[in-house]
Amino acid sequence: MQVTDSYGNFQPFAFDVVKLEVSGPALVIGPNPVALIGGRVSVFIKATNNAGTIRIKATTSRLETPVLVMQSVALETNQMLELSSSVR
């Protein structure tokens, strides 16, 4: 994520604290809240084994609150085994 102004210009001097709220079949991996560093922050989101709509809301004390929406699909057990055995 990165902070931009109303014209889409990157704001490298933003150092706000961002609180993440995740709804749906997913979890935040790592610290929450997190601080922007140079106007940016990276987060890891882990999907569960269930299908559904994932919504990620990023809240700060002074910036707009964006919401990212994505769909996850369920993997069958045999698909998970195929994926894990192919990664070595």
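Because the structure is predicted, anything quoted here is derived from the model rather than measured.

Colleague: Before we move on, could you go through the environment of Phe15 and cite the residues and values that matter?
Modeller: Inspection of the secondary structure assignment puts Phe15 in the segment before strand 1 (17-23). By relative accessible area, Phe15 is classed as exposed at 52%. Ignoring sequence-local partners within four residues, the contact set of Phe15 consists of Leu36, Ile37 and Gly38.

Colleague: Please give an account of the nonpolar core that cites residues and values.
Modeller: In this structure, Val3, Ala14, Val18, Leu20, Ala26, Val34, Leu36, Val41, Ile54, Ile56 and Ala58 together form the largest nonpolar core, which totals 11 residues. Contributions of two or more residues to this core are made by strand 1 and strand 5 (52-59). A total of three residues in this core trace back to one element, the largest contributor, which is strand 5. In this structure, Ile56 is in contact with Leu20, Glu21, Val22, Ile45, Pro66, Val67, Leu68 and Met70, ignoring residues within four places of it in sequence.

Colleague: I'd like to hear about the environment of Val69, residue by residue, with values.
Modeller: Structurally, the position occupied by Val69 is in strand 6 (residues 67-72). Overall, Val69 belongs to the partly exposed group, its relative accessible area being 48%. Here the alpha-carbon distance between Val69 and Ile54, two residues 15 residues apart in the chain, equals 5.7 Å. With near-sequence residues (within four places) excluded, Val69 lies in contact with Thr53, Ile54 and Arg55.

Quick notes on the rules
Residues numbered from 1 in each chain as written. Predicted model: local features only at pLDDT ≥ 70, side-chain atom pairs only at ≥ 80, totals over all residues. Heavy atoms only, no water. Helix = DSSP H or I, 4+ residues; strand = E, 2+ residues; numbered from the N terminus. Buried < 20%, exposed > 50% of the residue type's maximum accessible area, 1.4 Å probe, protein only. Contact = heavy atoms within 4.5 Å. Core = buried A, V, L, I, M, F, W, Y, C linked by side-chain atoms within 4.5 Å.

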